[in-house]
Amino acid sequence: MALIASLPAFGVRAEELLSPSGNMKLDFRLVEGGTPVYSLSYKGEPVIAESRLGFRLDNSGLFDWFEIADVERSEYDGTWSPVWGEEAEIRDCHNEMAVTLRQTSSDRRMIVRFRLFDDGLGFRYEFPAQDNLVYFLITEELTEFAMTGDHIAWWIPGDYDTQEYDYTESRLSEIRGLLKGAVSNNLSQSIFSETGVQTALQMKTDSGLYINLHEAALVNFPAMHLELDDSTLTFKAHLTPDPNGDCAYMQTECVTPWRTVIVSDDARDILASRITLNLNEPCKIDDTSWIHPCKYVGVWWEMITGKSAWSYTDDLKSVHIDTDDLSEAKPHGRHGATTENVKKYIDFAAEHGFDAVLVEGWNIGWEDWFGNMKERVFDFVTPYPDFDLEGIMDYASSKGVKLIMHHETSSSPRNYERQLDTAYKFMKEHGYDAVKSGYVGNIIPKGNNHYNQWMVNHYQYALEKAADYRIMVNAHEAVRPTGLCRTWPNLIGNESARGTEYQGTNGSKPFHVTVLPFTRLIGGPMDYTPGIFEMDISKINPGNSTHANFTIANQLGVYVVMSSPLQMAADIPENYERFMDAFQFIKDVALDWEESRYIEAEPGRYVTVARKAKGTGQWFVGNVTGSEEHVSEIKFDFLDPDKTYVATVYADAPDADYLTNPQAYTISEYRCTSKSSFRQKAVAAGGYAISFREAEPGDRKLKMLK
Ligand code: NOJ
Ligand code: CA
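Residues numbered from 1 in each chain as written. Chains lettered and ligands numbered in written order. Predicted model: local features only at pLDDT ≥ 70, side-chain atom pairs only at ≥ 80, totals over all residues. Heavy atoms only, no water.

Turning our attention to the overall build of the chain. What the chain contains, in helices and strands, is 13 helices and 37 strands. Taken over the C-alpha trace, the chain has a radius of gyration of 26 Å; the compact-globule value for 706 residues is 27 Å, and the two agree within 12%. The buried share of the chain, taken over its 706 residues, is 65%. Pairs at least 24 residues apart make up 71% of the contacts formed inside the chain by residues separated by at least 6 positions. (Helix = DSSP H or I, 4+ residues; strand = E, 2+ residues; numbered from the N terminus. Rg over C-alpha atoms; globule rule 2.2 N^0.38 Å. Buried < 20%, exposed > 50% of the residue type's maximum accessible area, 1.4 Å probe, protein only. Contact = heavy atoms within 4.5 Å.)

With that settled, consider the sheet that holds strand 32 (residues 619-625). Read from one edge to the other, the open sheet built from 6 strands follows the order 30-31-32-37-34-35, with strand pairing classed as antiparallel. What marks the edges here is a single partner per strand, and that holds for strand 30 (593-602) and strand 35 (665-672). Looking at each pair of strands side by side, their axes are set apart by 15° on average, direction ignored. Against the sheet, helix 13 (residues 580-588) contacts strand 32, strand 34 (645-652), strand 35 and strand 37 (687-694), and its axis sits at roughly 120° relative to strand 34. (Pairing = 2+ DSSP bridges. Axes fitted to C-alpha atoms, helices over the stretch in contact; angles between N-to-C directions.)

For the rest of this paragraph, the subject is the side chain of Asp571. Mapped onto the secondary structure, Asp571 falls in the loop between strand 29 (566-568) and helix 12 (573-577). For the buried Asp571, no salt bridge is present, and the opposite-charge side chain at shortest range is Arg578, 6.8 Å distant. Among the polar contacts listed, one links the side chain of Asp571 to the side chain of Asn575, at a separation of 2.8 Å. Excluding residues that lie within four positions of it along the chain, Asp571 makes contacts with Trp301, Gly531, Ile532, Phe533, Glu534, Ile540 and Tyr576. (Lys, Arg positive; Asp, Glu negative; His and termini not counted. Salt bridge = Lys/Arg side-chain N within 4 Å of Asp/Glu carboxyl O. Polar contact = N/O pair within 3.5 Å; in protein donor to acceptor, adjacent residues only side chain to side chain.)

Ideal coordination angles are 109.5 degrees for a metal with four donors arranged tetrahedrally and 90 or 180 degrees for a metal with six donors arranged octahedrally. Protein coordination at the calcium ion (ligand 2) comes from Glu164 (OE), Glu477 (OE), Glu495 (OE), Glu495 (OE) and Glu501 (OE), with a distance range of 2.2 to 2.5 Å. Note that the calcium ion (ligand 2) binds 6 donor atoms; their angles at the metal cover 52 to 162°, and the shape is irregular. For the calcium ion (ligand 2), the donor residues sit on a single chain with the sequence spacing E-x312-E-x17-E-x5-E. Both residues of the pair, Glu495 and Glu501, count as buried. (Donors = N, O, S within 2.8 Å, 3.2 Å for Na, K, Ca; no water. Tetrahedral: all angles 85-135°; square planar, octahedral: opposite > 155°, others 65-115°.)

So, on to the site of ligand 1. Within the structure, ligand 1 sits among 13 residues, and Trp300, Glu360, Glu408, Lys436 and His476 are positioned closest to it. Within the side chain of Lys436, an N or O atom sits 2.6 Å from an oxygen atom of ligand 1. One of the side-chain N or O atoms of Glu501 is found 3.0 Å from an oxygen atom in ligand 1. Summarising the interface, the protein chains cover 95% of the accessible area of ligand 1, which totals 290 Å² for the free molecule. Across the shell around ligand 1, the residue classes tally to 5 nonpolar, 2 polar and 6 charged. (Near = heavy atom within 4 Å. Areas by Shrake-Rupley, 256 points an atom, 1.4 Å probe, with all protein chains shown as cover. Nonpolar A, V, L, I, M, F, W, Y, C, P; charged D, E, K, R; others polar.)

Further remarks concern the pairing of strand 8 (residues 90-103). Residues in a regular strand project their side chains so that they alternate between the two faces of the sheet. Judged by how many residues are buried, strand 8 sits mostly within the fold: 12 of 14 residues are covered. Here 14 bridges tie strand 7 (residues 66-80) to strand 8, and the two strands are oriented antiparallel to one another. Of the residues in strand 8, the one forming a bridge with Asp70 is Thr100. Judged from the 9 bridges that link them, strand 8 and strand 9 (residues 108-117) form a sheet pairing that is antiparallel. Bridged to Asn95 within strand 9 is Leu116. Here strand 8 folds back onto strand 9, and the loop between the two strands holds 4 residues, one of which, Asp107, carries a positive phi near 55°.

Right, let's talk about the nonpolar core for a bit. Phe114, Phe145 and Phe235 are the most contacted members of the largest nonpolar core, which totals 164 residues. Ranked by residue count, the leading element in this core is helix 9 (residues 453-468), at 7 residues. Once residues within four sequence positions are removed from consideration, Phe145 is found in contact with Tyr38, Ile48, Ser51, Phe123, Leu213, Met224, Leu226, Leu233, Thr234, Phe235, Arg259 and Val261. Within the second largest apolar cluster, 34 residues are counted, among which are Phe117, Tyr210, Ala267 and Leu516. (Core = buried A, V, L, I, M, F, W, Y, C linked by side-chain atoms within 4.5 Å.)

We now examine the environment of Ser19. By secondary structure assignment, the location of Ser19 is in the loop between strand 1 (14-18) and strand 2 (24-31). Along the sequence, Ser19 and Asn95 sit 76 residues apart, while their C-alpha atoms lie 5.7 Å from each other. Filtering out sequence-adjacent residues up to four positions away, Ser19 remains in contact with Met24, Asn95, Leu116, Phe117 and Asp118.

On to the pairing of strand 2, then. One ladder, built from 5 bridges, connects strand 1 with strand 2; its direction is antiparallel. Counted as the bridge partner of Glu15 is Phe28 from strand 2. Here strand 1 folds back onto strand 2 in antiparallel fashion, the turn holding 5 residues, of which Gly22 has a positive phi close to 90°. Here strand 2 runs beside strand 3 (residues 35-42); their pairing, made up of 8 bridges, is antiparallel. Bridging across to strand 3, Asp27 finds its partner in Ser39. Here strand 2 hands over to strand 3 after 3 residues, with Gly33 in that stretch at a positive phi of 90°.

So this is what it looks like as structure tokens:
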């Protein structure tokens, strides 16, 4: 009683913040004991019920005994231009409230900064420089997101080491029962609880609200997972720990990443939201002229499917990186990155107008890499004996094609950091301007994991150093993106989700690409590596019976739906040569956009997007469909009103079926204007893609869409 009586009476002061249009409302107050809480509503409907804020530190806490010392409010409405992306200009319009809290028991200060947009909320914690808080260790983040009902969610298990799961669609209350069964890949897994999920988490309420939880600007902090208390349907932040179980080492003055809640009653607004980018810092690279979109093919799918190998030999005794000596090694004959094979891809790229060729398995170390706990596996400058690096570079440059470097780090960041300058210098000397890096396997030193603060800092270090060398980065298995590509636009891609590689090894759920735009892509573009035209993988490698779960038309739709400045045509050239008319769309489609229109969207069901290419002004439309067929009835009202166009429509044939007849497509041409309506069926795991061009007199014979 005495303690309670001595607690300050904080409950009285409440602060409210409205978004610019007034449709979002944030409430903040201190409850009994001086604990900060917030709640959020959209058009009068509760989105986040009263939820706690704060941290536990190793020796104290920053969650109670607070008083409000100051409240600062401001408004912002401005635009900025990304170096590449889904539109040429992005509006950032928000109202801000920064609440300075003073912990009376310790005289420490913490600011909670809220930015309220018309499509959601971002908030972060800030720790100003102060005498009583200099170095501190966060052991737990207490931030809650209290849901108001048993929503439907599209989720993957919380895991410190991989994001490469199939999504599960279920009620929140079903997560506990389903989570174990959702483990469907064979990479290392560090699932931390029975109700933990990853962000970006997409949900839908029974009243039709779409709610997305994620984070923005993840810098010098561990990635946030969400842990559900299913008795109260409240998520709590769960920070990825280090080997000691600690989470974040902080030194004032410092800030956390933003916690984001994107909300709308229209699913398309979730895809159109730019909250994540807007909460990141402006570009820190002064001259960005060297950063460019890139369409590429690669010596890759043949390794994923097992037709060829990254390694040069099976003769393990004779290859050891410490000696760099392969002279005694007997090649196994399945090496993919041979000079001859790479030249074949360069020829294909040159013939079809691709910018670049990715070559994996070119450098020594692959014999030794996976599941290995040695710290030094790869070096990044020594080619295999059958890969004539100089000759290949000359050949590629004579054909106007770039090569994309590959650095598989084997999750040994210290080995990589030690070699980074050498590796990047080597790239520049040989004309490479982009690297695909990878982090397969358990992080070495052991006990670390892919998403803890130390690894988040490693990815950032590799990215910023790459910018110094004018190198573009596409990191696989790295932490999920949080909009950092605004600040560092040389981050042209990340994997950080289940990519097409699984369609060559295990298969993925048919609805996968209708979920990714609502989850993984909220943080930035994905190197999804689409464009697989042969779904029966045994046709590439008779020993591999995997079936890829989509149609050819779906694969074409992905290029528009899942926008990225880096797009691969992932299949082997032989498979494209069989379907050159469909391949034309991949050749034509743009990678960087003036404008994007989200025409139809429902997570797990369908997504249809129209985009206008930067520079050329050419329009493209893409659709992908989930586990059931979808009929689009859309308008072409995005087209310029004064023009007549020809739409080339690549669609599932009426008898297409992703399991039994995935290669059945039709290609049709129509005349159309901005007044035209368009109806198109896409089968399950199907889709369609449209490219538009201005009509010419000879096109009069084509049917006009009314
Ligand atoms: C996993 C990556 O996702 C894949 O693209 C790459 O080929 C392998 N690691 C080898 O580095
Ligand atoms: Ca991967």
